[in-house]
Amino acid sequence: GSGDASRAVADWRLAVWTLCSVLLPVLITAWCSFQRSRRQLLIRDIFRKSKHDWHYTDLFGQPSYCCVCAQHILRGAFCSCCGLRVSERCLKKADQRFLCKEIMMRGTAGAPSSMTHHWIRGNVPLCSCCMVCKQQCGTQPKLCDYRCVWCQYTVHDECMVDCLRTEDCTLGEFKDLIIPPYYLSTINQMRKEKRTSYEKVVPYCRKHWMPVMVLANTRSGNNMGEILLGEFKMLLNPVQVFDLSKIAPAKALQLCTWLPCNAVRVLVCGGDGTVGWVLDAIDEMKIKGQERYIPQVAILPLGTGNDLSNTLGWGAGYAGEVPVEQILRNVMEADGIKLDRWKVQVTNKGYYNLRKPKVFTMNNYFSIGPDALMALNFHAHREKTPSLFSSRIINKAVYFFYGTKDCLVQECKDLNKKIELELDGERIELPNLEGIIVLNIGYWGGGCRLWEGMGDEPYPLARHDDGLLEVVGVHGSFHCAQIQVKLANPVRLGQAHTVRLILKSSKMPMQVDGEPWAQGPCTVTITHKTRALMLYHSGEQTDDDDASSLSE
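Residues numbered from 1 in each chain as written. Predicted model: local features only at pLDDT ≥ 70, side-chain atom pairs only at ≥ 80, totals over all residues. Heavy atoms only, no water.

**Considerations on the packing of aromatic side chains**
Taken as a whole and assessed by the stated rule, the structure comprises four aromatic pairs. Ring geometry for F60 against F78: centres 6.5 Å apart, planes inclined by 70 degrees, an arrangement best described as edge-to-face. Pair noted here: F60 is in the loop between strand 1 (54-57) and strand 2 (64-65) and F78 is in strand 4 (residues 76-79), with a separation of 18 residues, a long-range link. (Phe/Tyr/Trp six-rings, centres within 6.5 Å; stacked < 30°, edge-to-face > 60°. Helix = DSSP H or I, 4+ residues; strand = E, 2+ residues; numbered from the N terminus.)

Structure follows, in structure tokens:
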């Protein structure tokens with residue numbers, strides 16, 4: 001009996017220990033998970049209420065030290081406006097103790113025309129030099145040295161003297177691009193008092209002041225827009241930097257009315273679609289009677305379709321290879337040019353058609369045929385699985401697949417029998433074609449100069465500011481591919497101020513600036529709409545395969 005009892009006790013103990021060994025890790029995991037979610041809620045709450053623009057990172061890109069406890073940290077929070085870095089446990093203290101960049105001066109009497117430096121200690125940029133002794137800063141493995149969040153000057157701890165703390169900040173290298181907080185507070189006060197003569201306000205009265213606005217599409221280019229937003233906020237006044245996923249361009253551009261006429265420059269970070277969106281908002285400014293405030297537009301190409309930015313010298317795609325400082329220098333040095341914008345009106349055929357005609361604005365090109373079919377197929381698959389299409393290389397591979405698939409299907413056969421083409425009212429006899437492309441700019445199809453082709457034949461010059469469109473024909477997607485690698489010429493159909501296409505029968509793929517759709521019998525009329533003020537960068541323009549510099 002005693003043996004059975006001891007065996008029962010042993011079994012009971014074993015069951016208890018087994019239960020403990022199973023339950024204990026589960027309870028510890030649940031407790032840790034609860035604490036983590038509680039901590040994340042607290043952090044999120046601080047982020048939401050803070051005047052800093054806090055972001056959390058699991059790993060800092062360079063050796064970093066907490067601005068409160070001075071300990072070395074691998075992960076934590078950083079402010080994308082002033083550059084503070086802080087450990088998770090010191091976040092609340094840092095948020096209360098340190099001021100962020102002020103976008104507008106508050107509580108100042110009169111009209112201030114300067115401000116003192118705003119120094120932040122530690123985590124200075126690598127390879128920065130002290131403004132006093134000209135030696136390298138941030139070389140010691142600890143929280144050391146100072147950086148001004150406005151002029152970006154750095155100073156050693158031992159070189160920091162009291163006069164530097166009270167000295168006026170010059171705003172540094174980009175003083176001609178920055179909108180100073182004291183300017184905004186003065187203009188705000190003047191607007192309240194219904195005064196509109198800003199000519200004597202500093203730096204409005206300064207000759208070379210050309211404030212820049214950055215409009216970034218964070219949905220373009222594989223998260224690149226998010227990174228750029230932070231980098232531009234660090235160098236400029238955060239009020240100049242806009243996230244187009246949170247604010248519409250029309251609203252953002254109202255800042256131009258606070259700034260000098262014909263002086264503002266806008267840097268659009270995104271694909272050609274984003275640029276078109278911003279140019280439409282600028283056209284709205286003209287309708288509102290704000291013509292004198294219209295800015296000039298520069299482009300930082302993100303995303304896949306960047307033919308417009310390539311034509312204007314800003315390159316075929318940005319992946320972080322050029323420092324943000326250099327981009328701002330390029331914007332400062334760029335020359336103003338004009339870009340024709342066109343109205344594309346699609347009127348469906350039929351006597352009883354009561355629907356309004358479709359109206360588009362075209363900056364780059366209109367096409368009917370194989371390249372529009374490729375865009376339509378690509379577009380349909382991107383809508384289904386957008387996560388697959390975040391890489392420029394994958395996008396081009398998918399485009400190639402649809403192009404070669406189309407060679408087999410030949411869905412756009414005998415286009416010349418289904419369509420009539422008129423250039424400036426004159427009917428054009430069409431050879432055997434599968435596609436027609438109407439061009440406003442030099443580049444097409446991701447870096448190919450379509451009108452020039454192989455460049456071995458005489459042809460009239462193509463420009464984006466002459467009020468003329470170039471019209472070309474292609475024999476199919478294989479012919480398109482041959483033109484792209486300079487093995488064939490397009491069928492040049494002519495140049496015109498007005499283009500009219502009549503689709504007599506069947507359904508055909510069409511596209512305007514990369515926006516495709518399937519279209520039944522209709523009349524397409526392309527007429528001049530307006531001219532946009534753009535900025536031209538005289539750096540290199542790139543074909544996809546060779547980085548040959550081609551002058552426009």
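**Focus on the sheet that holds strand 7 (residues 146-148)**
Within a sheet, neighbouring strands are paired by backbone hydrogen bonds and run either parallel or antiparallel to one another. Across the sheet, three strands lie side by side as 6-7-8; this open sheet has antiparallel pairing. Two strands in the sheet have a free side with no partner beyond their single neighbour: strand 6 (119-121) and strand 8 (154-155). Note that strand 7 and strand 8 share two bridges and pair antiparallel. Bridge pairing in strand 8 places R147 opposite T154. (Pairing = 2+ DSSP bridges.)

**Some words on the environment of G270**
By the secondary structure assignment, G270 is in strand 11 (residues 265-270). For G270, a relative accessible area of 0% corresponds to the buried category. Among all residues touching G270, those that are not within four sequence positions of it are S220, I299, L300, P301, L302 and N306. (Buried < 20%, exposed > 50% of the residue type's maximum accessible area, 1.4 Å probe, protein only. Contact = heavy atoms within 4.5 Å.)

**Comments concerning the nonpolar core**
Residues V86 and F232 are the most contacted members of the largest nonpolar core, which totals 102 residues. Look past the residues within four positions of V86 in its chain and what remains in contact with it is W54, C66, C67, V68, I73, G76, A77, L91 and A94. Counting 32 residues, the second largest nonpolar core, distinct from the first, contains M362, L423, V491 and M510. (Core = buried A, V, L, I, M, F, W, Y, C linked by side-chain atoms within 4.5 Å.)

**What to know about the sheet that holds strand 22 (residues 508-512)**
Strand order in the open sheet formed by six strands is 20-19-18-15-22-23, and the pairing between neighbours is antiparallel. Each of the sheet's edge strands pairs with one partner strand only, and the pair in question is strand 20 (491-496) and strand 23 (515-519). Taken over all neighbouring pairs, the strand axes of this sheet differ in orientation by 15 degrees on average, direction set aside. By the bridge criterion, five bridges tie strand 22 to strand 23 in an arrangement that is antiparallel. Bridged to M508 within strand 23 is Q519. (Axes fitted to C-alpha atoms, helices over the stretch in contact; angles between N-to-C directions.)

**Looking at the UniProt feature "transmembrane region" (unreviewed entry) in the protein chain**
Within the UniProt annotation, "transmembrane region" (unreviewed entry) is assigned to residues 14-34. Overall, residues 14-34 shows 100% helix and 0% strand. The separation of its end C-alpha atoms is 30 Å. (UniProt positions renumbered as here; feature names shortened; annotations may be inferred.)

**Considering the environment of K418**
Topologically, K418 is positioned in helix 12 (residues 415-418). Between the C-alpha atoms of K418 and P521, which are 103 residues apart in sequence, the distance is 9.2 Å. Among residues more than four places away in sequence, those in contact with K418 are K413, I502, L503, K504, S505, S506 and M508.

**Examining the environment of L430**
Relative to the elements of secondary structure, L430 occurs in the loop between strand 17 (426-428) and strand 18 (435-439). Separated by 63 residues in sequence, L430 and L493 have C-alpha atoms that sit 8.1 Å apart. In contact with L430, other than residues within four places in its own chain, are N416, I419, L421, I436 and L493.

**Quick word on unusual backbone geometry**
That bond from V202 to P203 is cis: its omega, 0 degrees, falls within 30 degrees of zero. Checked against the element boundaries, P203 lands in the loop between helix 4 (181-192) and strand 9 (212-216). Positive phi is not limited to glycine here, since Q152 has a value of about 65 degrees. Position of Q152 relative to the elements: it lies in the loop between strand 7 and strand 8.

**Regarding the pairing of strand 13 (residues 335-348)**
By the bridge criterion, 14 bridges tie strand 13 to strand 24 (residues 522-536) in an arrangement that is antiparallel. Its bridge partner being in strand 24, I337 is matched across the sheet by M534. By the bridge criterion, five bridges tie strand 13 to strand 14 (residues 358-362) in an arrangement that is antiparallel. Bridge assignment links V344 to a residue of strand 14, and that residue is F360.

**Some thoughts on the pairing of strand 4**
Two strands pair when backbone bridges link them, and strand 1 and strand 4 are joined in this way by four bridges, in the antiparallel orientation. If you follow W54 over to strand 4, its bridge partner there is C79. As paired elements, strand 4 and strand 5 (residues 85-86) share two bridges and run antiparallel to each other. Counted as the bridge partner of A77 is V86 from strand 5. Where strand 4 folds back on strand 5, the antiparallel hairpin that results is connected by five residues, among which G83 adopts a positive phi of roughly 85 degrees.

**Observations concerning the pattern of salt bridges**
Following the criterion strictly, the structure yields 17 salt bridges and no others. Connected via shared salt-bridge partners are D280, D283, K286, R341 and K529. (Salt bridge = Lys/Arg side-chain N within 4 Å of Asp/Glu carboxyl O.)

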